[in-house]
Amino acid sequence: MDLRTVVRSEFTKPKERFRKIDGEESKLWKEPQPKRFQSNETRPNLKAAHDDEELRAVLREAGVQTTVVDFGASWCDHCKGMLPWFAESSDKFPNMTFVMADVDRMPEMARDIRYTPTFSFYVNGKKVDEVFGSNRRQIGDRMWLHAS
């Protein structure tokens, strides 16, 4: 077997393995999955917008308070990886509103989004800043900048 075959077979194996119990490999055992962001956690400044109208309503409701919108997509792996960090950031900046938005469901508000994830900063319903990509340090710095 060459290295490519070994690597390919390792990545295509299912997450289920046989577990030895009393010397026998008879029971099927699933590996524990890492903890994922749960949407039922209580974070009053973290919201989800499901369409253009909901996002506009959240921006109107926030008023002069800075709103950070995470424009992502359900098929984007980087977006999924940023969700737990985005939720934790809402705890660090309680005076800001954090919104998760799916670009596939928002044809108007997301028409200028060319890269996912894109983090847009709004004040009084107007976009004042934008960060592309999943560089947590850069996004966190912008959050800090707009929080003051």
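Structure: above.
Residues numbered from 1 in each chain as written. Predicted model: local features only at pLDDT ≥ 70, side-chain atom pairs only at ≥ 80, totals over all residues. Heavy atoms only, no water.

Caption draft 1: Local environment of the side chain of S89. Relative to the assigned elements, S89 resides in helix 3 (residues 77-92). Given the relative accessible area of 3%, S89 is considered buried. Ignoring any residue separated from it by four or fewer positions in sequence, one finds S89 in contact with F98 and M143. (Helix = DSSP H or I, 4+ residues; strand = E, 2+ residues; numbered from the N terminus. Buried < 20%, exposed > 50% of the residue type's maximum accessible area, 1.4 Å probe, protein only. Contact = heavy atoms within 4.5 Å.)

Caption draft 2: Molecular detail of the nonpolar core. With 16 residues, the main nonpolar core has L55, V69, F71, V99, V103, M106 and A110 as its most contacted residues. Elements with a minimum of two residues in this core: helix 2 (52-62), strand 4 (67-72) and strand 5 (97-102). Considering each element in turn, this core owes the most residues, three residues, to helix 2. If sequence neighbours within four positions are ignored, M106 has contacts with A49, H50, D51, D52, L55, F71, A101 and R111. Among the nonpolar cores identified, the runner-up in size contains 15 residues, and M82, M100, F121 and V131 belong to it. (Core = buried A, V, L, I, M, F, W, Y, C linked by side-chain atoms within 4.5 Å.)

So far we have only geometry, and geometry alone does not tell us how the molecule works.
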